[in-house]
Amino acid sequence: MTYAVTLIPGDGIGPELAQAATNVLEATGIGFDWDVQEAGEVTIEREGTPLPDRVLDSIRANGVGLKGPITTPVGSGFRSVNVALRKELELYANVRPARSMAGVESRYDDVDLIIVRENTEDLYAGVEHMVGPDAAESIKIITRAASQRIAHYAFEYAVRNRRRKVTAVHKANIMKLSDGLFLESVGQVAAEYAGRVEFEDRIVDNMCMQLVQKPALYDVLVLPNLYGDIVSDIAAGLVGGLGVAPGANIGEKAAVFEPVHGSAPKYAGQNRANPTALILSGALMLRHLGETDAADAVESAARDVIAEGTTVTYDLGGSAGTREFAAAVATRVSR
Ligand code: NAD
């Protein structure tokens, strides 16, 4: 079986991670027909846009993409390609697992969280304007339809993966209308799963403290876009940092798999960055394609090499390069 997959290497550390991850995925013996599509800063000069239509067309045609990080200028400049891609393709669920790993120094060894982040609205809708020269307004958009859709995804995920509990995260005490609607919508969906999946809610600030102090109490979290982004990084930090945190953007017609981390420009081109997050994103892609054995092989190979500790990157306390780590994982996979 050969799969046609759109490969977006991205920029910064993206291209070297993409090379590492594709080497590992190919070691499974599964065939990949990589449709390489550049996006971001490089295509602005050449094509006048950071997200050319050909990128979206390729993902629509293949139904699946593997993506490295893409830089977003701060303050001014083009809007986030990452956010635009999720919106254009209606990749409404951003799913980010955070699981403790042997060999990775972290505060806890029993973290097993699934972050389910709404990916299409909230403050990320990018509806902003200046009100005169000295004030700016950003509009937070929350709809019942999108909130129910992400809630259904979270509960279905829980049922499919035998998870016990879903926690809705919000600030409905202050944003009574917008976050209030999110909470009410998730609660309505939760009622359909009563007796099968436990449901509770937490205010986002309390949630952050609880995650840092007692992460083992939590299971699947469902959040609006902005809180989901921030809490994902907390969850990544709990299990060893951004270098090991994978993610999936899931829609009805397409899915794009990418790490939680960004383009870490200061490490670009140095063969230093940890490719684990993109490799594990590739494993999530294999699972999505129904290639469960190959996904298990990639995940356990990465975990084994990390647990062994001799060929790991700087962020995990080692001195191996991106390529050397990936080669060690690929060798285990092909065994
Ligand atoms: P970042 O995730 O790129 O890096 C933060 C720090 O985390 C790095 O300095 C590094 O110390 C560490 N780190 C990240 N990835 C690592 C890896 N694979 N191996 C080892 N260490 C790693 O976050 P940032 O510096 O805030 O953002 C840089 C750029 O990336 C920005 O332009 C931002 O907009 C963009 N970004 C893109 C995405 C995406 O493409 N989905 C996500 C987040 C940020």
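See the structure above.
Just so it is clear, the model here is predicted, and its values are computed rather than measured.

Re the overall build of the protein chain
The secondary structure content of the protein chain amounts to eleven helices and twelve strands. In terms of overall dimensions, the protein chain is globule-like: its C-alpha atoms have a radius of gyration of 20 Å, near the 20 Å expected for 335 residues. By principal-axis analysis of the C-alpha atoms, the protein chain measures approximately 55 × 50 × 40 Å. Per-residue burial over the protein chain gives 53% buried out of 335 residues. As displayed, the protein chain has an accessible area near 14,600 Å², and 51% of this comes from carbon and sulfur atoms. Each charge class in the protein chain can be summarised by its mean position, and for the 32 positive and 44 negative side chains these summaries are 4 Å apart.

Thoughts on the nonpolar core
Within the largest apolar cluster, 69 residues are counted, with the highest numbers of intra-cluster contacts made by F32, L66, V222, F257 and M285. If sequence neighbours within four positions are ignored, M285 has contacts with V5, L25, F32, W34, V64, G65, L66 and F257. Within the second largest apolar cluster, 16 residues are counted, among which are A98, V111, L221 and L238.

Considerations on the packing of aromatic side chains
Under the counting rule described, the total for this entry stands at five aromatic pairs. Taking 4.9 Å as the distance between ring centres and 40 degrees as the angle between the ring planes, the aromatic pair formed by Y267 and Y314 counts as tilted. One end of the pair, Y267, is in the loop between β12 (255–257) and α9 (276–288); the other, Y314, is in the loop between α10 (292–308) and α11 (322–334), and 47 residues separate them in sequence. Since its relative accessible area comes to 33%, Y314 is described here as partly exposed. Put simply, the rings of F155, Y193 and F199 pair up and form one aromatic cluster. Lying over the aromatic face of Y124, R117 brings its terminal NZ or CZ to 5.1 Å of the ring centre. Over the ring of Y218 we find K165; its NZ or CZ atom is 5.0 Å from the centre of that ring.

Notes on the environment of I13
Summarising the element assignment, I13 is placed in the loop between β1 (2–8) and α1 (14–26). What makes I13 buried here is its relative accessible area of 4%. Setting aside residues up to four positions removed in sequence, I13 forms contacts with P69, H261, G262, S263, A264, Y267, A268 and A273.

Some remarks on unusual backbone geometry
The residue D122 is not glycine, and still its phi comes out positive at about 70 degrees. With respect to the helices and strands, D122 occurs in the loop between β5 (112–118) and β6 (128–130). Phi at R162 takes a positive value of approximately 50 degrees, unusual for a residue other than glycine. Along the chain, the position of R162 falls in the loop between α5 (144–160) and β8 (165–170).

Some points on the side chain of D11
Residue position: D11 is located in the loop between β1 and α1. Notably, D11 is buried but unbridged: the nearest opposite-charge side chain belongs to K67, and the N-O separation is 8.1 Å. Here the side chain of D11 touches T71 through a polar contact of 2.9 Å, side chain to side chain. Sequence-distant contacts of D11, defined by excluding residues within four places in its chain, comprise E41, P69, I70, T71 and S263.

So, how was this worked out
Residues numbered from 1 in each chain as written. Predicted model: local features only at pLDDT ≥ 70, side-chain atom pairs only at ≥ 80, totals over all residues. Heavy atoms only, no water. Helix = DSSP H or I, 4+ residues; strand = E, 2+ residues; numbered from the N terminus. Rg over C-alpha atoms; globule rule 2.2 N^0.38 Å. Buried < 20%, exposed > 50% of the residue type's maximum accessible area, 1.4 Å probe, protein only. Areas by Shrake-Rupley, 256 points an atom, 1.4 Å probe, with all protein chains shown as cover. Lys, Arg positive; Asp, Glu negative; His and termini not counted. Charge placed at Lys NZ, Arg CZ, Asp CG, Glu CD. Core = buried A, V, L, I, M, F, W, Y, C linked by side-chain atoms within 4.5 Å. Contact = heavy atoms within 4.5 Å. Phe/Tyr/Trp six-rings, centres within 6.5 Å; stacked < 30°, edge-to-face > 60°. Lys NZ or Arg CZ within 6 Å of the ring centre and 35° of its normal. Salt bridge = Lys/Arg side-chain N within 4 Å of Asp/Glu carboxyl O. Polar contact = N/O pair within 3.5 Å; in protein donor to acceptor, adjacent residues only side chain to side chain.

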